[in-house]
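Each chain, written out:
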Amino acid sequence: MSVASLNGRDLLSMADLSADEIDALLELAADMKAGKVAPRCQSVKVLGLLFSKASTRTRVSFSVAMYQLGGQVLDLNASVTQVGRGEPTIDTARVLDRYLDVLAIRTFEQAELETFASYAKIPVINALTDLEHPCQVLADLQTVKEEFGALKGLTLTYIGDGNNMANSLLLGCALTGMNVRIACPSGYEPDRAVVDQAKTIAGEQSEVSILTDPEAAAKDAHVLYTDVWASMGQEEEATDRMKVFQPYQINEHILGMADSKAIVLHCLPAHRGEEITDSVMEGSQSRVWDEAENRMHAQKALLASVLGVGI
Ligand code: CP
Ligand code: NVA
């Protein structure tokens, strides 16, 4: 894949990318990180960030990536635009399309993101919805590849809530030939349609399992992954969830079930003492800071590709 091969494309779901496209993006991200290539916009390109939820990593890593490509960024936080006052999505999308070159959206409903994308001709990127977080998974895959050299045949075990992270990891692992196990309490499984989609992508080549036993899921895994037990928008359920999710913590015991060379990932922000212990997060097998850094490299590769920025 050349850097321009996603030119003009949206990234709404991890499944919008083929295995070859993921591979090429990860290679470009690695080359950028190593300083081997440094694509630059020939004319000023502008990225809009339309976020209806809080963000540290996604907001800053997208902004820095765009600046490093020679572009500019506009913060279109819902609270300072007419979006927060209810201007219809189909109107906002057509207006922003005429000003911007690329738009990253963080919102609740995947359907709202899809409406934006269908009314805006510029590339629209999913910067997190309730259903998916594909940009995070690109950085996660980059981090795993840095550690193990390749992805195919490795096993990633996600322990916790069957949320947006679980959904995008299912697709990302299936697409790259990784085995993926999700361990979650009954009633908190990932999206049914996404699980079926991941199973179809994986076919006979790799494992896609949804389990309730975290120990069985962690056995011999190469990557242990977790995320918060209550996502943004689920704050009112947090107290009830704390009880249900207690057995689904990544701690020294669970880490001991995994492969001896296993690494631990967390998309962050983390709630230490809940889904992950302090000792695992700060331990020698944690790669969470590299993972956070890779958000910037993976998204810079993605922006260069959808904008057709040449090397
Ligand atoms: N992991 C992640 O998306 O972090 P932020 O919510 O801080 O952007
Ligand atoms: N599942 C979390 C991810 C945060 C990056 C949330 O949606 O809040």
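These lines cover the structure that appears in this document, whether it is placed above or below. (Residues numbered from 1 in each chain as written. Chains lettered and ligands numbered in written order. Predicted model: local features only at pLDDT ≥ 70, side-chain atom pairs only at ≥ 80, totals over all residues. Heavy atoms only, no water.)

1. Considerations on the overall build of the protein
Then step 1. Of the regular secondary structure elements, the protein holds twelve helices and nine strands.
Then step 2. For the protein, whose C-alpha radius of gyration is 19 Å, the value lies close to the compact-globule estimate of 19 Å for 311 residues.
Then step 3. Expressed as a percentage of its 311 residues, the buried residues of the protein come to 56%.
Then step 4. Within the protein, contacts between residues separated by at least 24 positions form 75% of all contacts whose residues are at least 6 apart in sequence.
Then step 5. Total accessible area on the protein stands at roughly 12,800 Å², and carbon and sulfur atoms take up 49% of it.
Then step 6. Of the charged side chains in the protein, 26 are positive and 43 negative; the average position of the first set lies 5 Å away from that of the second. (Helix = DSSP H or I, 4+ residues; strand = E, 2+ residues; numbered from the N terminus. Rg over C-alpha atoms; globule rule 2.2 N^0.38 Å. Buried < 20%, exposed > 50% of the residue type's maximum accessible area, 1.4 Å probe, protein only. Contact = heavy atoms within 4.5 Å. Areas by Shrake-Rupley, 256 points an atom, 1.4 Å probe, with all protein chains shown as cover. Lys, Arg positive; Asp, Glu negative; His and termini not counted. Charge placed at Lys NZ, Arg CZ, Asp CG, Glu CD.)

2. Remarks on the site of ligand 1
Then step 1. Around ligand 1, the neighbouring residues are Ser55, Thr56, Arg57, Thr58, Arg106, His133, Gln136, Cys267, Leu268 and Arg295.
Then step 2. Separating an oxygen atom of ligand 1 from a side-chain N or O atom of Arg57 is a distance of 2.9 Å.
Then step 3. A distance of 2.7 Å separates an oxygen atom of ligand 1 from a polar side-chain atom of Thr58.
Then step 4. Protein contacts shield 95% of the accessible area of ligand 1, which totals 260 Å² for the unbound molecule.
Then step 5. Among the cavities detected, the one that contains ligand 1 is the largest pocket.
Then step 6. A breakdown of the residues in the shell around ligand 1 according to their chemical character gives two nonpolar, five polar and three charged. (Near = heavy atom within 4 Å. Polar contact = N/O pair within 3.5 Å; in protein donor to acceptor, adjacent residues only side chain to side chain. 1 Å grid on protein atoms, 1.4 Å probe; cavity = no way out; pocket = protein on both sides within 12 Å on 5 of 7 lines; lining within 4 Å. Sits in = over half its atoms within 2 Å of the grid points. Nonpolar A, V, L, I, M, F, W, Y, C, P; charged D, E, K, R; others polar.)

3. A short note on unusual backbone geometry
Then step 1. The amide bond that connects Leu268 to the next residue, Pro269, takes the cis arrangement and shows omega of 5°.
Then step 2. For Pro269, the position within the fold is in the loop between β9 (263-266) and α11 (278-281).
Then step 3. For Leu128, which is not glycine, the phi torsion reads 120° and is therefore positive.
Then step 4. By the secondary structure assignment, Leu128 is in the loop between β4 (124-126) and α5 (134-148).
Then step 5. With relative accessibility at 7%, the residue Leu128 sits in the buried group.
Then step 6. One non-glycine residue, Leu268, lies in the positive phi region at around 65°.
Then step 7. Along the chain, the position of Leu268 falls in the loop between β9 and α11.

4. Brief notes about helix α2 (residues 57-68)
Then step 1. When the terminal C-alpha atoms of α2 are compared, their 16 Å separation across twelve residues agrees well with the 16 Å that a helix rising 1.5 Å per residue should span.
Then step 2. The complete set of buried residues in α2 reads Thr58, Arg59, Ser61, Phe62, Ser63, Ala65 and Met66.
Then step 3. Buried residues along α2 sit in contact with β1 (46-51), β2 (72-75), β3 (102-106), β4, α5 and α12 (288-307). (Expected span 1.5 Å × (residues − 1).)

5. Topic: the sheet that holds β9
Then step 1. Strands sit in the order β7-β6-β5-β8-β9 across an open sheet of five strands; the sheet is parallel. The open sheet has two edge strands with one neighbour each: β7 (208-211) and β9. Each adjacent strand pair in this sheet contributes to an overall mean axis angle of 20°, direction not counted. (Pairing = 2+ DSSP bridges. Axes fitted to C-alpha atoms, helices over the stretch in contact; angles between N-to-C directions.)

6. Some points on the packing of α5 against α12
Then step 1. Here α5 crosses α12 at 115°, and the two axes come no closer than 8 Å. By the angle between their directions, the pair α5 and α12 is classed as roughly perpendicular. For the crossing formed where α5 meets α12, the hand is right-handed. The residues of α12 that touch α5, namely those facing Cys135, Gln136, Leu138, Ala139, Asp140, Gln142, Thr143 and Glu146, are Asp290, Glu291, Asn294, Arg295, His297, Ala298, Gln299 and Leu302.
Then step 2. Across the contact of α5 with α12, the residue classes tally to five nonpolar, six polar and five charged. (Parallel < 35°, antiparallel > 145°, perpendicular 65-115°, else oblique. Left-handed = near helix turned anticlockwise from the far one by under 90°.)

7. Quick notes on the pattern of salt bridges
Then step 1. In total, this model carries 16 salt bridges according to the counting rule given.
Then step 2. The partner of Glu146 in a salt bridge is Lys33, and the shortest N-O contact between them spans 2.7 Å. In this pair, Glu146 sits in helix α5 while Lys33 sits in helix α1 (residues 19-33), placing the two residues 113 residues apart along the sequence.
Then step 3. Owing to a relative accessible area of 41%, Glu146 belongs among the partly exposed residues under this scheme.
Then step 4. On the basis of relative accessibility, which here comes to 29%, the residue Lys33 falls in the partly exposed class.
Then step 5. Of the charged contacts, one joins Arg272 and Asp278 as a salt bridge, the two residues approaching to 2.4 Å between their closest N and O atoms.
Then step 6. It is possible to trace a salt-bridge network through shared partners that takes in Asp161, Glu237 and Arg241. (Salt bridge = Lys/Arg side-chain N within 4 Å of Asp/Glu carboxyl O.)

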